[in-house]
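# Report on the structure
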Protein chains: 2
Amino acid sequence: MAAYGDADGTRAAVRELLTTYNDLNGATVEELDHEPSPLEFMRSVARNTPFVVRQGAASWKSHQKWTPDYLKDKLAGQRVNVAITPHGNADAPTFSPCHGSTVIAKPHEEEQAFDEFLDYVTTQELKQGSQSAEVRYAQTQNDNFRNEYISLFADAQSDIPFARIALQKEAEAINLWIGNSCSVTCLHRDPMENIYVQVLGRKHFILLPPLFHPCVNEKMMQPATYTRTGGVLTLEVDEDEERVPLATWDPDKAEREATEFSHLAKAVRVTLDPGDMLYLPAMWYHKVKQSSNEEGCVVAMNFWYDMDYSGPFYPSTTFIRNLGVSNQK
Amino acid sequence: MAAYGDADGTRAAVRELLTTYNDLNGATVEELDHEPSPLEFMRSVARNTPFVVRQGAASWKSHQKWTPDYLKDKLAGQRVNVAITPHGNADAPTFSPCHGSTVIAKPHEEEQAFDEFLDYVTTQELKQGSQSAEVRYAQTQNDNFRNEYISLFADAQSDIPFARIALQKEAEAINLWIGNSCSVTCLHRDPMENIYVQVLGRKHFILLPPLFHPCVNEKMMQPATYTRTGGVLTLEVDEDEERVPLATWDPDKAEREATEFSHLAKAVRVTLDPGDMLYLPAMWYHKVKQSSNEEGCVVAMNFWYDMDYSGPFYPSTTFIRNLGVSNQK
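Keep in mind that what you see is a predicted model, and the values were worked out from it rather than measured. (Residues numbered from 1 in each chain as written. Chains lettered and ligands numbered in written order. Predicted model: local features only at pLDDT ≥ 70, side-chain atom pairs only at ≥ 80, totals over all residues. Heavy atoms only, no water.)

### Some thoughts on the packing of aromatic side chains
All names here are of chain A. The cut-off we apply is this: Stacked, edge-to-face and tilted labels apply to pairs of Phe, Tyr and Trp rings (six-membered ring for Trp) whose centres lie within 6.5 Å, assigned for plane angles under 30 degrees, over 60, and everything in between, in that order. Going along the chain from the N terminus, every DSSP run of H or I of four or more residues is numbered as a helix, and every run of E of two or more is numbered as a strand. Each residue is placed in one exposure class: buried if its accessible area under a 1.4 Å probe, protein chains only, is under 20% of its type's maximum, exposed if it is over 50%, and partly exposed if it falls in between.
For the structure on display, the rule yields 31 aromatic pairs over all chains. Measuring from centroid to centroid gives 5.3 Å for Phe-51 and Tyr-279, while their planes differ by 40°, and the two rings are tilted. Here Phe-51 is found in strand 2 (residues 51–53), whereas its partner Tyr-279 is found in strand 17 (residues 277–280), with 228 residues between them in sequence. In this structure, Phe-51 and Tyr-279 share a single accessibility class: buried. Ring geometry for Phe-145 against Phe-153: centres 5.0 Å apart, planes inclined by 85°, an arrangement best described as edge-to-face. Considered together, Phe-145 and Phe-153 belong to a single accessibility category, that of buried residues.

### A closer look at the nonpolar core
Soluble globular proteins: nonpolar side chains tend toward being buried together. Definition in use: Throughout, nonpolar core names a set of buried Ala, Val, Leu, Ile, Met, Phe, Trp, Tyr and Cys residues whose side chains join them through atoms within 4.5 Å. The contact definition used throughout considers only heavy atoms, calling two residues in contact when any of these lie within 4.5 Å.
Among the nonpolar cores identified, the biggest contains 105 residues, and Trp-66 of chain A together with Trp-66 of chain B are the most heavily contacted of them. Dropping the residues within four chain positions of it, Trp-66 of chain B is found in contact with Lys-61, Leu-71, Phe-145, Leu-152, Asp-155, Leu-176, Val-199, Leu-200, Val-299 and Met-301 of chain B. Counting residues in hydrophobic clusters, the runner-up holds 70 residues, among them Phe-212 and Leu-323 of chain A together with Trp-177 and Leu-323 of chain B.

### What about the relation of the copies chain B and chain A?
To keep things clear, this is the line we draw: We superpose the copies by least squares over the C-alpha atoms of residues that have a pLDDT of at least 70 in both of them.
The transformation that overlays chain B on chain A combines an axial shift of 0.0 Å with a rotation of 180°, and the residual RMSD is 0.0 Å. The superposition operator between the copies reduces to a two-fold rotation axis. Closest approach to the rotation axis among the C-alpha atoms of chain B is made by Ala-46 of chain B, whose C-alpha sits 2.0 Å away. Comparing interface residues between copies, 98% of those in chain B also sit at the interface in chain A, which points to an isologous, same-surface contact.

### Comments concerning the environment of Thr-271 of chain B
Residues and elements named next belong to chain B. When you line up the elements, Thr-271 lands in strand 16 (residues 268–272). The spacing of Thr-271 and Asp-23 is 248 residues in sequence and 24 Å in space, taken between C-alpha atoms. In this structure Thr-271 touches Arg-54, Arg-202, Lys-203, His-204 and Asp-276, once residues within four positions along its chain are discounted.

### Things to note about the sheet that holds strand 9 (residues 185–188) of chain A
All names here are of chain A. So the rule is basically this: Two strands qualify as a pair provided DSSP detects at least 2 bridges between them. Axis definition: a line fit to C-alpha positions, over the contact stretch in the case of helices; interaxial angles, taken between N-to-C directions, run 0 to 180 degrees.
The strand order 9-18-11-16 describes an open sheet built from 4 strands, whose pairing is antiparallel. Two strands lie at the open edges of the sheet, namely strand 9 and strand 16 (268–272), each paired on one side alone. Here the average twist between neighbouring strands, direction ignored, is 20°. Where strand 11 (residues 202–208) and strand 16 come together, 5 bridges link them in antiparallel fashion. Considered in strand 16, the bridge of Ile-206 is made with Arg-269.

### Examining the confidence of the model for chain A
Let me state the cut-off plainly: The pLDDT score gives, residue by residue, the confidence of the prediction method on a 0 to 100 scale.
Per-residue pLDDT for chain A has a mean of 93; in total, 97% of the residues score no lower than 70. Per the prediction output, this complex has pTM 0.94; the corresponding ipTM is 0.93.

And the structure:
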């Protein structure tokens, strides 16, 4: 047994936690060639392990019909919320020269005409030299597919039947994501069971299971928000907001911001092609990069179901965070 | 956040773990009036939460036919393994005067003619003053229902269909338990999904979820075994065996052997009547007492399915044990 309660004993227990998890679980995503039954899905929920259904949404109208022109036609005359950042890293740890420290940089948000937004996205992707301009991403995560994008909603399944039946709940939010390869979502986690459906372009997921909190070097950070001032995006600290925890370790730059446990993190990598469907279990860390299709955009949707807070999963995940061992060097 | 890695920070995190679990989970067992479907069962497995199916096995032949005479008739001429202890506490922490310390006391085991064994059990229960004699319990837990008790097996379901379908595995062991109210099984846990079926008499379960390891004051103990020497049971230390962990806190004597966390343990109590079925999830601590029926015996069976070691459940349960906080006073 570990020495009781001292830092060395705790660190030894954390190392054993991570190596035990690695020994008992593969670092690959299960591949299915058809949707699971509710019972099969529930087994994956019980194990909190991801799977991908190759071409699971290939029969959806969205997969068959959507092109930039089709989308612009359906949304003609409409304005949508667009997240704007200088370099494509929304909600990422960012050094603020004014504040003199690293903050969590939230995007500037603007309403834009949909056709202008999408033309900007595709032009930036396809035209040489335009990658250095500001990056625009429709990514509100507020059930936008059933609100500002409702005119497209009939092209998708209205829910994921195997998830609704297994989890006994409706989707809490259905989100549409439209952007290009300049946008990267940094490592974070959500208290949601997540079904992700790729429509245009590809998404490259890097996944880490919830127990790997000690590896991601979570730090408390001051929120800040980009604002457009005279045509320039500047980062302004949200003085009234409380600091929030954010993972600072990036599996793609594993030497930087590493904790003494980061080398034990076996990241799981999976790429979604158009028509693929991913089950991303609750509380899994994920970093998401994307590649545009030949028309210069990336479009995906996701279905969020509230996670179940009963049983040992949520308290033990929170316990590992509360031990706070990630900051031990 | 907690202070990183010191004993006070760890203890604060453990307190929050236990109170979070209590806040999110009731201290009662869900009651069903019919067997769950495989999907319904899988939801309970995912949550690691118990349920009881009242009269779930009432249609089984065992429930309708078994009496002491019927059992003796079916097992006429057969010898069975019997566990014998002076006071009915097999595998319990027991002070050994010779060894000068508390050991884990394993029962003496003997082959006995079944009819003599059962007569002993029922007579001890029903005859005033005989409770002080040695206690006998058929409880081998080695798949005995499909071995020494195979002649009774056709009276039970050969498995639990909802569990086999959900877990995608056959029962690893099916055990028969025959004894009287003198036998008590002390608090312990098994790495098994367990379906418990009551046939004669009643069982009184006290349950604690796996995360409550910090409450049960687990200690490493030397194994010892009762041996019959000249008609007397004496406890002999098993010198060649390694010490094993054993819970020493008893929810029925909550003031003794308590840790600083034991008062946070909300024990779940449930009594099984004949015909009832209990799902006892993997790694739940359980203490089991029993009451005889009017014929002086208690008979039950249980179906053990290997637990799933993948996902976060097993590593995080082991992590909490390895932190070893139960011995912090």
